[in-house]
Amino acid sequence: RCEEEDVEMTEDAYAVLTRIGLETSLRYAMQLITAASLVARKRKGAEVGVEDIKRVYSLFLDESRSTQYMREYQEAFLFNELREHRGAP
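All of the points below concern the structure found in this document. One numbering rule holds for all chains: residues counted from 1, following each sequence as written. Reporting in this predicted model follows two pLDDT cut-offs: at least 70 for local features of residues, and 80 or more for side-chain atom pairs to be given and counted; totals over whole chains, interfaces and linings ignore these cut-offs and use all residues. The side-chain numbers reported here are obtained from all heavy atoms of the structure, hydrogens and water having been left aside.

**So, the packing of helix 2 (residues 26-42) against helix 3 (residues 50-59)**
So, point 1. Close contact between helix 2 and helix 3 brings their axes to 8 Å; oriented N to C, the two are set at 115°. Crossing handedness for the pair helix 2 and helix 3: right-handed. Contact with helix 2, carried on its side by Tyr28, Leu32, Ala35, Ala36, Val39 and Ala40, involves Asp52, Ile53, Arg55, Val56 and Tyr57 of helix 3 and no other residues of that element.
So, point 2. Residues are grouped as follows: Ala, Val, Leu, Ile, Met, Phe, Trp, Tyr, Cys and Pro are nonpolar; Asp, Glu, Lys and Arg are charged; every other residue, Gly included, is polar. Taken together, the residues of the contact of helix 2 with helix 3 break down into nine nonpolar, no polar and two charged. Whenever a helix is involved, its axis is fitted only over the stretch in contact; in every case the axis is a line through C-alpha atoms, and angles between N-to-C directions fall within 0 to 180 degrees. The helix count covers DSSP runs of H or I at least four residues long, the strand count covers runs of E at least two residues long, and both are numbered beginning at the N terminus. Take the far helix as your reference; a near helix turned counterclockwise from it by less than a right angle gives a left-handed crossing, and one turned clockwise gives a right-handed crossing. The contact criterion used is simple: two residues touch if any of their non-hydrogen atoms lie within 4.5 Å.

Laid out in structure tokens, this is it:
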């Protein structure tokens, strides 16, 4: 995917991205490539490094972390207020 998008990446960044892909999904890891490339470009870097991958990983949640976040903060979301207003459990 990096070749297709003309993204240069350090070996360490590849390793981190591979681990993320194994623990989350290949689709999520591939989406991080583009975002990390933009972060690297913004800092005027020649290639994507581990810090770029970490930065976008912290900004964009995968499905599992997104679901966990929703469960932890469900009381603060609007749909919870609607349920309480209707008298639903």
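There is more to say, and it comes next.
**A look at the packing of aromatic side chains**
So, point 1. The rule is short: rings of Phe, Tyr and Trp, with Trp giving its six-membered ring, pair when the centres are within 6.5 Å, and they are stacked under 30 degrees, edge-to-face over 60, tilted in between. Taken as a whole and judged by the stated rule, the model has one aromatic pair.
So, point 2. Relative to Tyr57, the ring of Tyr28 lies with its centre 6.3 Å away and its plane at 65°, an arrangement referred to as edge-to-face. Of this pair, Tyr28 sits in helix 2 while Tyr57 sits in helix 3, and the two are 29 residues apart along the sequence.
So, point 3. Given a relative accessible area of 28%, Tyr57 falls into the partly exposed group.
So, point 4. Stacked on the ring of Tyr57, the Lys or Arg Arg65 has its end atom at 3.7 Å from the ring centre. In this scheme, a residue with accessible area under 20% of its type's maximum is buried, one over 50% is exposed, and one in between is partly exposed, where area comes from a 1.4 Å probe on protein chains only. Only Lys NZ and Arg CZ are tested; either one counts as a charge over a ring when it is within 6 Å of the ring centre and within 35 degrees of the ring normal.

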